[in-house]
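# What the coordinates show
So you can see what is in the structure, the chains are spelled out below.
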Number of protein chains: 2
Amino acid sequence: MLYLIGLGLGDAKDITVKGLEVVRRCSRVYLEAYTSVLTVGKETLEEFYGRKLILADREEVEQEANNILKDADISDVAFLVVGDPFGATTHSDLILRATKLGISYRVIHNASIVNAVGCCGLQLYKFGETVSIVFWTDTWRPESFFDKVKKNRQNDMHTLCLLDIKVKEQSLENLIKGRKIYEPPRYMSVNQAAQQLLEIVQNQRTRGEDPAVTEETLCVGLARVGAEDQKIAAGTLQQMCTVDLGGPLHSLIITGGSMHPLEMEMLSLFSISETSSESQSIDGL
Amino acid sequence: MLYLIGLGLGDAKDITVKGLEVVRRCSRVYLEAYTSVLTVGKETLEEFYGRKLILADREEVEQEANNILKDADISDVAFLVVGDPFGATTHSDLILRATKLGISYRVIHNASIVNAVGCCGLQLYKFGETVSIVFWTDTWRPESFFDKVKKNRQNDMHTLCLLDIKVKEQSLENLIKGRKIYEPPRYMSVNQAAQQLLEIVQNQRTRGEDPAVTEETLCVGLARVGAEDQKIAAGTLQQMCTVDLGGPLHSLIITGGSMHPLEMEMLSLFSISETSSESQSIDGL
């Protein structure tokens, strides 16, 4: 049996009781280590689970899935995913491979950022399509995701923006030279995401388009959701460029146009200090 | 401290390790018993947690929240919610009350149907606004939610339909006579939801509108997501009227127009038997 087990969002103890029992009895336990991270590392998890974990990077999961699935028809193999196993497409792929090999699978769900963002008080059912914001480079500055943000705003829906993670990336030089030397991991902050968004807003204006988002649009920055030291800040997109939310992982919400009074009241708990605010929408909180 | 603790979706062991630790040390533990249910009852939870649970119905949470919050400034109180604490609005309300009373709170997240539906293979980020389908009565047959389904379809987005739950409802007669006699709980099945949807589709046609959904629209019925005996069936809306998914809880997904090949491949794992199918879209699976 292949078990796909969500680890939740905070630390080692966010695994479910059921998940922990399965981890402790599987013959091999993989930790998916490229779509998200917990606030604790592999060693802490190993100590708590009482099991050795095998790190599975993107390359391995996509190209060597058969290693992961080896003997899973006659023994139990666990594949651990931060959040819920169905946040990222790749895990559908693993299930399809398993099924083709006649291997049964089971999913042990857990919290995902997709539902846990509800902690800021915005109503989950009012979220539109989720977008991903990637690190820009000098030569690659994609803006196409912004159409979805606009569409959500035009439909009065909130947009959850998942922020880029670069783990086990090679520099261009190392890639070309075939050197397996990896850069330190990078996690996009709310500040960086907001700055890129404001640049897109400017570009849209320059092209005479209505960006449907302005410097004053009410946003919510979230950091380490589910962890003891989680931080939430509600403020304008402009304020998101400078708000200090601490270490990774960060997520950003661009609110829809109209809000329920309960949503506004909840957001006011996380409002960036009003004295430093230049924004009407924040004064209104 | 007020703890809002998600119980996940399946049985007693779907609580997180962290959640269980908190439950075991709190002075009072409430179980929210009206927005969702697990596959096991209160007694099973009590046995597993080693704690007495106080059932909190809608009336109590909305009108007597102060009882729940009593002494939560000097002791620890847990409020357990099936799924994640932020699936339903009411829990924002409880947090706001706590905050006004100077009571700190913490959330221990868990899987919610909102993210766990990913188990059918549809990509979470492609879901539009979530809708709720309520039981129709002879005199109350709301259709307005259907506009959201149409909008999602027009934007190529899937719609998660949460199906009605009637717990601790009084008959009109008992309500009028002030008798606190309650009807047995009712949980809407995928069959009932599909039948109501088809009636709305017919009504729209009669009025000359384009319903954007037909008998042949590809849907996914889900039952007891996260439990050992979970069932998933992919088929047409027409097929959803008769598919047998067993006991509650059920959810229904109306797919968006265009689908990713990986989504189709995953859905084919759950396809209603092709021989009995009259539908092109299912043959295509």
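The model shown is predicted, which means the values in this text are computed figures rather than measured ones.

Here is what the cut-offs are and how they apply
- Residues numbered from 1 in each chain as written.
- Chains lettered and ligands numbered in written order.
- Predicted model: local features only at pLDDT ≥ 70, side-chain atom pairs only at ≥ 80, totals over all residues.
- Heavy atoms only, no water.
- Pairing = 2+ DSSP bridges.
- Helix = DSSP H or I, 4+ residues; strand = E, 2+ residues; numbered from the N terminus.
- Axes fitted to C-alpha atoms, helices over the stretch in contact; angles between N-to-C directions.
- Contact = heavy atoms within 4.5 Å.
- UniProt positions renumbered as here; feature names shortened; annotations may be inferred.
- Polar contact = N/O pair within 3.5 Å; in protein donor to acceptor, adjacent residues only side chain to side chain.
- Buried < 20%, exposed > 50% of the residue type's maximum accessible area, 1.4 Å probe, protein only.
- pLDDT = per-residue confidence, 0-100.

### So, the sheet that holds strand S4 (residues 77–81) of chain B
All names here are of chain B. Taken in spatial order, the five strands of this open sheet run S3-S2-S4-S1-S5, and their pairing is parallel. If you trace the sheet from one side to the other, it starts and ends with strand S3 (54–56) and strand S5 (105–108), each paired once. Neighbouring strand axes in the sheet, compared pairwise and without regard to direction, differ in orientation by 25° on average. As paired strands, strand S1 (residues 2–6) and S5 are joined by four bridges and run parallel to one another. The residue bridging Ile5 from the neighbouring strand is Ile108, located in S5. Where helix H1 (residues 17–25) meets the sheet, its contacts fall on S1, strand S2 (28–32), S4 and S5, and the angle it forms with S1 comes to roughly 135°.

### Here's the deal with the UniProt feature "binding site: S-adenosyl-L-methionine" (unreviewed entry) in chain A
When the UniProt feature table is mapped to this numbering, "binding site: S-adenosyl-L-methionine" (unreviewed entry) covers Leu9(A), Asp84(A), Gly87(A), Ser112(A), Ile113(A), Leu163(A), Val225(A) and His250(A). As for its placement among the helices and strands, Asp84(A) is situated in the loop between strand S4 (77–81) and helix H5 (90–100). Setting aside chain neighbours within four positions, we find Asp84(A) in contact with Gly6(A), His109(A), Asn110(A), Ala111(A), Ser112(A) and Asn115(B). Among the polar contacts made by the side chain of Asp84(A), one reaches the main-chain amide nitrogen of Asn110(A) at a distance of 3.0 Å. If you trace the backbone, His250(A) turns up in strand S12 (residues 250–254). Among residues more than four places away in sequence, those in contact with His250(A) are Leu163(A), Met188(A), Ser189(A), Val190(A), Leu222(A), Ala223(A), Arg224(A) and Leu245(A). Among the polar contacts made by the side chain of His250(A), one reaches the main-chain amide nitrogen of Val190(A) at a distance of 3.0 Å.

### Description of the sheet that holds strand S12 (residues 250–254) of chain B
All names here are of chain B. Pairing in this open sheet of five strands is mixed, and the strands run S6-S7-S12-S10-S11 from one edge to the other. Edge positions in the open sheet fall to strand S6 (131–133) and strand S11 (231–236), since each of these has one partner strand only. Here the strands of the sheet are splayed against their neighbours by 25° on average, with no regard to which way each runs. Two strands pair when backbone bridges link them, and strand S7 (residues 159–163) and S12 are joined in this way by four bridges, in the antiparallel orientation. Each bridged residue has a counterpart across the sheet, and for Thr159 the counterpart in S12 is Ile254.

### Points about the pairing of S1(B)
Residue and element names in this part refer to chain B. Counting buried positions along S1 gives five out of five residues, so the element sits mostly inside the fold. Residues Leu2, Leu4 and Gly6 line one face of S1 and the alternating positions Tyr3 and Ile5 line the opposite face, and both faces are buried. In the sheet, S1 pairs with S4 via five bridges, with the strands oriented parallel. The partner of Leu4 across the bridge, within S4, is Phe79.

### What to know about the confidence of the model for chain A
Residues and elements named next belong to chain A. Of all residues in chain A, 95% have pLDDT values of 70 or greater, and the mean over the chain is 91. This stretch, residues 275–285, has a pLDDT under 50; its non-local contacts, to residues over four places away or in other chains, come to 26 contacts. Two summary scores accompany this predicted model of the complex, namely pTM at 0.92 and ipTM at 0.91.

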